[in-house]
Amino acid sequence: MKWMVAIGCALAASVCLAQAAESFRPASTNVWGAQYPRIDDAGRVQVRIKAPEATSVKLNFWNGPKIDMQKQSDGFWTVTTEPLVPGFHYYTVAIDGAEVSDPGSHAFYGGTRHASAVEIPEPGATFYAIKDVPHGQVREVWYHSKVTDTWRHALVYLPPGYDAQTNTRYPVLYLQHGGGEDETGWIRQGRANFILDNLIAARQAEPMIVVMAYGYALRAGESLPDASATAFGSPQMLKAMQDMAATFEDDVTQALIPFVDKTFRTRADRDNRAMAGLSMGGMQTFHITLKHLDLFSHIGGFSGAGGLLAPGGGKFDPKTDYNGAFADAAAFAKKVHVLWLGVGTAESERFRVGIRGLHESLNAAGIEHVYVESQGTDHEWQTWRRALNDFAPRLFKARKARS
């Protein structure tokens, strides 16, 4: 009788293990045919790496756990994480101290390198999902910049019907990536094209062209400063950032915008031109738009705005900063149709304090703007997806009201 009970327990245990294994599924970010990394409905992640001669393997989620993996008898190292918050998570694997990507995952450019990632679905959030709606197209373009004397790369989202509706012209949103990322980020990590597809299909946003350009630029004849000889936060570093920001400003205003207006059917006036960006891209957006209100009338900062380039060492003065763009609240309201700020509630203090402080300063100065906090999200793509989903429907309404 005891052996029957033992067999029954063993069978039950095997069924439970099988059910537990079946609850995990390959991540949507995997390469074709890869069974790992795997995720479950609780947000846990299983990673499996073959390194039979390694003595130590660690899993490094950039916004999450850094944990030891366990070696199995077949030479694979495995680990199952605690539940991660929904969204897009970069990670790497440290094999005997060497940081590498997981061959089972697609590579995504972030943190100045290509890294692995897993997507943890957010229950009930479909605004960035691929749906059965008309889809726009994302095209690659190269434009020559006299500012940098180089060919520069950008991605351009064209809304559904762009090729068929040949008499229609469209407003343009210039949408910038963050530090350590590139022009592919808003499509590959941010899913901006699907967000716009869904908003346009629901008639919540105006059909628009979205231009995503590479945010790093060096003026012709200049070279990168030696980062190893420049301390973070030093005057030399700040000057290097200011020089690069000024170069990118000139590239956008003197090369990119003319190229886009010449190449695509745009509405080439300030009422139909917006700019927004995440983190560093938000800083660039404020730096460029507030100096060129003759070109832009819609402004968005996603976890980034004035930042390190604000005069006065980051202390915002609405009367004098940005050449006095905020000095007259009534005049600013006539020029800027949308000023949008947002931050995740789980972001680090420096981001939360900085963005909230700017929001409070704008309120005190009587500057009309939108301020949104993304609940529970960090300095990560889920925050910025939500930001774009809130920002895009607010754009180009002034033009529609006049027509």
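Refer to the structure above for everything that follows.
Cut-offs used in this document
- Residues numbered from 1 in each chain as written.
- Predicted model: local features only at pLDDT ≥ 70, side-chain atom pairs only at ≥ 80, totals over all residues.
- Heavy atoms only, no water.
- Salt bridge = Lys/Arg side-chain N within 4 Å of Asp/Glu carboxyl O.
- Buried < 20%, exposed > 50% of the residue type's maximum accessible area, 1.4 Å probe, protein only.
- Helix = DSSP H or I, 4+ residues; strand = E, 2+ residues; numbered from the N terminus.
- Axes fitted to C-alpha atoms, helices over the stretch in contact; angles between N-to-C directions.
- Parallel < 35°, antiparallel > 145°, perpendicular 65-115°, else oblique.
- Left-handed = near helix turned anticlockwise from the far one by under 90°.
- Contact = heavy atoms within 4.5 Å.
- Nonpolar A, V, L, I, M, F, W, Y, C, P; charged D, E, K, R; others polar.
- Pairing = 2+ DSSP bridges.

Visitor: Which residues make up the pattern of salt bridges, and what values do they have?
Guide: Under the definition given, this model contains 16 salt bridges. The partner of aspartate 271 in a salt bridge is arginine 270, with the nearest N and O atoms 3.6 Å apart. Here aspartate 390 makes a salt bridge to arginine 394, at a shortest N to O gap of 2.8 Å. For arginine 394, a relative accessible area of 33% puts it in the partly exposed group.

Visitor: Explain unusual backbone geometry to me, and be specific about the residues and the numbers.
Guide: Across the junction of tyrosine 36 and proline 37, the peptide omega takes the value 5°, indicating a cis bond. Within the fold, proline 37 resides in the loop between strand S1 (25–26) and strand S2 (38–39). Despite not being glycine, asparagine 323 has its phi angle at roughly 55°, a positive value. Relative to the helices and strands, asparagine 323 is located in helix H6 (residues 321–324).

Visitor: Describe the packing of helix H3 (residues 192–201) against helix H9 (residues 381–391), with residues and values.
Guide: Interaxial distance between H3 and H9 falls to 10 Å at its minimum, and their mutual angle equals 30°. Here H9 runs roughly parallel to H3, going by the angle between their axes. At the point where H3 passes H9, the crossing takes the right-handed sense. Of the residues in H9, those touching H3 at Ala192, Ile195, Leu196 and Leu199 are Arg385, Leu388 and Asn389. Here the contact of H3 with H9 is built from residues that sort into five nonpolar, one polar and one charged.

Visitor: Break down the sheet that holds strand S14 (residues 172–176) for me, with residues and values.
Guide: Strand order in the open sheet made by the eight strands is S12-S13-S15-S14-S16-S17-S18-S19, with mixed pairing throughout. Each edge of the open sheet carries a strand with a single partner, namely strand S12 (137–145) and strand S19 (370–374). Averaged over neighbouring strand pairs, the angle between their axes works out to 20° when direction is ignored. Note: strand S17 (residues 298–302) against strand S18 (residues 338–344), five bridges, orientation parallel. Bridge pairing links glycine 300 to tryptophan 340 in S18. Set on the sheet, helix H8 (residues 349–364) makes contact with S18 and S19; between it and S18 the angle comes to about 150°.

Visitor: Help me get a handle on the sheet that holds S2, residues and values and all.
Guide: Backbone hydrogen bonds hold the strands of a sheet together, and the pairing may be parallel or antiparallel. With antiparallel pairing, the five strands of this open sheet are ordered in space as S1-S2-S3-S7-S6. Edge strands, defined here as strands with exactly one partner in the open sheet, are S1 and strand S6 (70–71). The pairing of S6 with strand S7 (residues 76–80) spans two bridges and is classified as antiparallel. From the neighbouring strand, lysine 71 faces S7, where its bridge partner is tryptophan 77.

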